[in-house]
Each structure stands twice: as structure tokens, then as C-alpha cells.
Amino acid sequence: MSSSHVLVLNCGSSSLKFAIIDIESGAEVLCGLAECLAEQHPLIKYKYDGAKQTITLNEGDAHQIAIARLVELVKHLGLDEQLIAVGHRVVHGGEHFTHSVLIDDNVLQAIKQTSTLAPLHNPANLLGIEAAKTAFSTLPQVAVFDTAFHQTMKPQAFLYALPYSLYKNHGIRRYGFHGTSHYYVSTQAHQILGLDKNNSRIVSAHLGNGCSVTAIKNGQSVDTSMGLTPLEGLMMGTRSGDIDPGIFAFLVNQLKYSPTQVDLLLNKQSGLLGISELSNDCRTIEEAATNGHEQAKLALDIFCYRLAKQIAAFAVPLAGLDALIFTGGIGENSDVIRSNVVSQLEFLGLQLDNNKNLAARFGQQGVITSSNSPCAIVIPTNEEWVIATDSAAIAKEQ
Ligand code: ADP
């Protein structure tokens, strides 16, 4: 049997997503999720050979135990001998990392240093790396950063109009996230649409629970909507996206919120959930809006208006638009949101084709506009594939 499998780990604060990808065939051999880690009912759900299974963990079991059980599972299924690398999704690479790297002590140190910029994410990513290093000590471990693709942005795009010393001394700047997804779908778009990599203008909209838009010129990120943290930019499931920064002082000084409460409000209680007062889940909001729920309709209207405005704004750094990509759970499935957004962008030359828009759902890729250029296209994202292929390439160099 050939060795061509990569274990992909995406370690969040209370969850661990995993997959084993065969980089020769592109097949996802195993995939799953360990959730509610360190909580009351932690468990691992996984899919192997078409069958879904669950492993129950003990109360309070956290990442190390979950990874140990995952290792047992991988060995039990006889998949360990075919592994050539472990690829880790790391959320924040700061300015250290412009591409994926083999993890050594220096890299670990740099990821630790960057934890101040991503206090919720990087420490969890590090837990995953440490546990995987112990479990698969002979395998190369590779870090793939969410921020790396955006390191091509120029200072005019990544600097905030704050005192320059905050950037120099504390690294406060726009970094952007979802880089692996924006990179994947834009690479696919070049191939599918036959775009010239040296002369292309793409806006990519990754719309999941978190949402971001990226302007991609000649294959490189030139601007993106998320910033120092994933809170900036578009309206999201529970995140506010852009607001007047003065609201922070208002909440603290007038309404006596603590900084932690403001953070919670902006990250967990705003967005689709905040406006609809119903749900953060786009499907639920769409269903309620169809049934006449006024705040659900309003939530969708705000979501689409702000998204269309951000896409149009990115025609500036691109000096035009060849393709608009929709991806992520909402981008790949919601014909309603795509139709609303594209209709607001008709002045840029986009013309929706209703039948094509309905056809491109549930994993189906496809162009959804009638005009050839600019066109809007739905491309299912595949961050695991990028992590697996980057990891395999780096492992082969060793
Ligand atoms: P994550 O960012 O956690 O990876 P996903 O990319 O899976 O999330 O996106 C989740 C979002 O996609 C949710 O808001 C969900 O309601 C939305 N979504 C999934 N399927 C549909 C659908 N058929 N119609 C509208 N929204 C959908």
C-alpha cells in the first residue's frame, strides 16, 4: 500500500476537527470532530468507510485525551502506517509566517509569541501540536496559517489609522483570516474560469459562521475584511463586524459594561443573532424570514447590504472585477443571499441566472451569472486539502 495519507488537525478551544486525506486520490479517508472538550459530555464523532460512529469520552476530558483516543482509532483502523505527515491549522501566524512551515522549536516559539494576538485560538492550536508530536513522534508536523495568504497586503491596506507605535511595538494591524479558504477557492477559480494568473481580479466571499471577503489580484491577497482579529468587517452569525469604535466607550462609560462584557457582546451576541433575536444560523433565519418574521428579514437585509457594499469596495484595489466567488456554508448553499447580493451588484455588470443559482447548492460548484465577465461562481471550499497538500510537500523535502 502506498503511503500518501496526511492527518489534518484543527484544534479549537473546545473542539478538535480531524481528517485523514489521501493526497494521491484526494479522498477523505476519515473525518470527524471531537466536541465539548473539557465539558460535561465530550465525545468524538467520526465517519469512516461511509459509516458514522461515536466515541464517548469521560467528563472533563480535553484535547490530549481526545488526541490519544484519535490515535487509538487511527491505529485500530490500520491507517497509521500510511501517514506521511500531520498538518495543523494554526489561526494566527502574525508577521512571522508567509507560508506553511515544518514545525520545529523556533516555529513553536513564534506561534507561542503570537498567542497575544489570538489568545483564544493559538494556545488551543499549540495543544494540538504538542499532543500530536507526542503521539506521532516520527512524523513531520506542519503548520498551515490562516493569516499567511494575506501577508502580501501592502501597508496602506493593513495599517489602521492609529499611532504608528502601536503597530511597531505591539503588532496592531490588519492580518486577515480564512486565508487557506480564500487561497483554495481563488486557485480553483483561475482553473475553472481559465483566468490569467498574471492578470486577474477576484473577490472571494467566505461566508460561514465567520464571514470575510478578500480582494485577490493576480493570485495574491491585496485586501481583506477581517483585521487584527476575526471580529472586523462583515456582519456574521454572532459577530457584529464593523461598528463605530466609539460604541465601545459608550457601552463602558454610559452603560457600565466591563471590557469583557463588550467583547462578549460583539463576538457572541451580535450579528444575525443580535438583530434577529432568534438564531445565528442562516438556515433558521431564512426560514423565519419566509414565514414573515420581521427581525429575521431585517437581519438578512443588513447581512446582504453590508456584504454587497464590501464586495463593491474591493473593486477599488482591484481596479475592476473578473470574478466573485461564494464559499463557506452560507456562500455554498444560500441561493437567497447570493441572489440578493448579486442583484445589488448589477451596476458592476453581474447578471444573476436564477436556474444556475438554484443548481449551485449542497456541494455543487458552478457559475451563477449569465454574463461571462464579471461572473459570480460558487466553489465549495476545502481547507483540509490545502493543509494536506502543503504538509505532504513539506514532508517530502525532509
Ligand atoms: P463554519 O464557519 O463553522 O465552518 P460553515 O461554513 O459550515 O460554518 O457555515 C455555517 C453556516 O452555513 C450556518 O449559518 C448555516 O446556517 C449556513 N448554511 C448551511 N446550509 C445552508 C443552507 N442550505 N441555506 C442557508 N444557509 C446554510
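Residues numbered from 1 in each chain as written. Predicted model: local features only at pLDDT ≥ 70, side-chain atom pairs only at ≥ 80, totals over all residues. Heavy atoms only, no water.

By the naming in an unreviewed UniProt entry, the protein is Acetate kinase, taken from Pseudoalteromonas caenipelagi. For the protein, the Subcellular location (unreviewed entry) comment in UniProt is given as "Cytoplasm". Among the UniProt annotations of the protein, the heading Pathway (unreviewed entry) holds the following wording: "Metabolic intermediate biosynthesis; acetyl-CoA biosynthesis; acetyl-CoA from acetate: step 1/2." (UniProt positions renumbered as here; feature names shortened; annotations may be inferred.)

Time to look at the site of the ligand. Around the ligand there are 13 residues in total, and Asn 209, Asp 281, Cys 282, Arg 283 and Gly 329 lie nearest to it. Within the contact set of the ligand, an oxygen atom lies 2.8 Å away from a side-chain nitrogen or oxygen of Asn 209. Interatomic distance of 3.0 Å between a backbone N/O atom of Cys 282 and an oxygen atom of the ligand. Protein burial of the ligand: of its 580 Å² of free accessible surface, 73% is covered by the chains. For the shell around the ligand, the secondary structure elements donating two or more residues are helix H10 (282–290) and helix H13 (328–333). For the shell around the ligand, the element with the highest residue contribution is H13, accounting for four residues. Here the residues of the shell around the ligand are counted per class, giving three nonpolar, seven polar and three charged. (Near = heavy atom within 4 Å. Polar contact = N/O pair within 3.5 Å; in protein donor to acceptor, adjacent residues only side chain to side chain. Areas by Shrake-Rupley, 256 points an atom, 1.4 Å probe, with all protein chains shown as cover. Helix = DSSP H or I, 4+ residues; strand = E, 2+ residues; numbered from the N terminus. Nonpolar A, V, L, I, M, F, W, Y, C, P; charged D, E, K, R; others polar.)

A few words on the environment of Asn 267. Counting through the fold element by element, Asn 267 comes out in helix H8 (residues 259–268). Among the residues examined, Asn 267 registers a relative accessible area of 21% and is labelled partly exposed. The contact partners of Asn 267, leaving out residues within four places of it in the chain, are Leu 231, Thr 238 and Arg 239. (Buried < 20%, exposed > 50% of the residue type's maximum accessible area, 1.4 Å probe, protein only. Contact = heavy atoms within 4.5 Å.)

Quick look at the nonpolar core now. Formed by 40 residues in total, the largest nonpolar core has its most connected members in Leu 207, Phe 303, Leu 307, Phe 326, Ile 337 and Val 341. For this core, the secondary structure elements donating two or more residues are strand E9 (201–207), strand E10 (211–217), H10, helix H11 (294–313), strand E12 (323–327), helix H14 (335–344) and strand E14 (375–378). Broken down by element, the residue count for this core peaks at eight residues, all from H11. Setting aside chain neighbours within four positions, we find Phe 326 in contact with Ala 205, Leu 207, Gly 331, Arg 338, Val 341, Val 342, Ile 368, Ala 376, Ile 377, Val 378 and Ile 379. (Core = buried A, V, L, I, M, F, W, Y, C linked by side-chain atoms within 4.5 Å.)

This paragraph deals with the layout of surface pockets. Space inside the second largest pocket adds up to approximately 380 Å³. Residue lining of the second largest pocket: 20 residues in total, with Thr 98, His 99, Ala 148, Phe 149 and Tyr 183 positioned closest to the centre. For the lining of the second largest pocket, the secondary structure elements donating two or more residues are strand E8 (141–145), helix H6 (179–193) and helix H16 (383–397). For the lining of the second largest pocket, the leading source of residues is H6, giving six residues. Residues lining the lining of the second largest pocket come from more than one domain, with at least three contributed by each of domain 1 (5–145) and domain 2 (194–238 + 270–383). (1 Å grid on protein atoms, 1.4 Å probe; cavity = no way out; pocket = protein on both sides within 12 Å on 5 of 7 lines; lining within 4 Å. Points joined across faces, edges and corners; volume = space filled by probe spheres on them. Domains from an automatic or database assignment.)

Take the packing of aromatic side chains next. Going through the model one piece at a time under the given rule, you end up with four aromatic pairs. Plain terms: the ring middles of Phe 158 and Tyr 167 are 5.7 Å apart, the flat faces sit at 55 degrees to each other, and that makes the pair tilted. The pair Phe 158 / Tyr 167 is uniform in exposure class, with both members buried. Cluster of aromatic residues (ring-pair linked, three or more members): Phe 158, Tyr 164 and Tyr 167. Above the plane of the ring of Phe 158 lies Arg 173, whose end atom (NZ or CZ) is 3.6 Å from the centre. For the cation-ring pair, Arg 173 lies above Tyr 175, with the distance from its terminal atom to the ring centre recorded as 4.7 Å. (Phe/Tyr/Trp six-rings, centres within 6.5 Å; stacked < 30°, edge-to-face > 60°. Lys NZ or Arg CZ within 6 Å of the ring centre and 35° of its normal.)

Here we take up the UniProt feature "active site" (unreviewed entry) in the protein. Residues annotated by UniProt as "active site" (unreviewed entry) correspond here to Asp 146. Examined against the element boundaries, Asp 146 turns out to sit in the loop between E8 and helix H4 (155–158). Looking at Asp 146, the relative accessible area reads 2%, which means it is buried. Setting aside residues no more than four positions away along its own chain, Asp 146 makes contact with Arg 89, Val 90, Val 91, Gly 176, Phe 177, His 178, Gly 179 and Thr 180.

Quick look at the pattern of salt bridges now. Counting across every chain of the model gives 10 salt bridges. A salt bridge links Asp 223 to Arg 174, with the nearest nitrogen and oxygen atoms 3.9 Å apart. Placement of the pair is Asp 223 in strand E11 (residues 220–224) and Arg 174 in the loop between helix H5 (164–170) and H6, with a sequence separation of 49 residues. Taken individually, Asp 223 and Arg 174 each receive the classification buried, so the pair is uniform in this respect. Between Glu 294 and Lys 297 there is a salt bridge, and its shortest N-O distance comes to 3.3 Å. With Glu 294 and Lys 297 both in helix H11 and three residues apart, this pair spans about one turn of that helix. Each of the salt bridges in this network shares a partner with another, and the network as a whole consists of Arg 174, Asp 223 and Glu 232. (Salt bridge = Lys/Arg side-chain N within 4 Å of Asp/Glu carboxyl O.)

Parsing the protein into structural domains produces domain 1 (5–145) and domain 2 (194–238 + 270–383). Taken over C-alpha atoms, the centre of domain 1 sits 29 Å from the centre of domain 2.

Attention now goes to unusual backbone geometry. You will see that Glu 277, though not glycine, has its phi angle at about 50 degrees, which is positive. Tracing the backbone through its elements, the reader meets Glu 277 in the loop between helix H9 (271–276) and H10.

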